[in-house]
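Analysis of the macromolecular model
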Amino acid sequence: MNIDVENLPDDPATLKKMLSQVMSRYQYLEKQFRIAQHKQFGKSIEGDPGQDVLFNEAEELVVETETAEEAIRYTRNKPTRIPYLKTYLVKLSFTTLRMKKNL
């Protein structure tokens, strides 16, 4: 709807009628815009409304494992490192014993 500003009628009733037509068109387009935005960016639901109840098993398992994790508490003992000299001496004595057996 193109309106030529210079050729507008002087009658207030006609102007009010034109204004109401423009406002109704504006409201319609604004509503269509909101619907399009909701379709593109809004929340979407797939399937039936009660479908989220059917697949609630994962959340229930998370709750069960959290309680199980709270019950199991222990401290891990780090293995102690054997000094290099000690391992070298053990290897040396082992090889000397093998050599004596072979003689």
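See the structure shown above.
Since the structure is predicted, the reported quantities are computational estimates derived from the model, not experimental observations. (Residues numbered from 1 in each chain as written. Predicted model: local features only at pLDDT ≥ 70, side-chain atom pairs only at ≥ 80, totals over all residues. Heavy atoms only, no water.)

**Considering the overall build of the protein chain**
Regarding its fold elements, the protein chain presents four helices and zero strands. Each helix and strand of the protein chain, placed in order from N terminus to C terminus, yields the pattern α-α-α-α. Here the protein chain holds 103 residues, and 0% of them are scored as buried. Counting only carbon and sulfur atoms, one obtains 58% of the accessible surface of the protein chain, whose full area is about 11,000 Å². (Helix = DSSP H or I, 4+ residues; strand = E, 2+ residues; numbered from the N terminus. Buried < 20%, exposed > 50% of the residue type's maximum accessible area, 1.4 Å probe, protein only. Areas by Shrake-Rupley, 256 points an atom, 1.4 Å probe, with all protein chains shown as cover.)

**Points about a nonpolar patch on the surface**
Nonpolar side chains collect at one region of the surface, where Ile3, Val5, Leu8, Leu15 and Val22 lie side by side and expose about 380 Å² of accessible area between them. On the secondary structure map, Ile3 appears in the segment before helix H1 (12-41). Residue Ile3 is classed as partly exposed on the basis of its relative accessible area of 40%. (Patch = residues over 30% accessible without salt bridge, like charges linked within 9 Å, V, L, I, M, F, W, Y side chains within 5 Å. Salt bridge = Lys/Arg side-chain N within 4 Å of Asp/Glu carboxyl O.)

**Here's the deal with the pattern of salt bridges**
Counted under the stated rule, the structure contains one salt bridge. For Glu30, the salt bridge goes to Arg34, with nearest N and O atoms at 3.3 Å. Residue Glu30 and its partner Arg34 are located together in helix H1, separated by four residues, close to a single helical turn.

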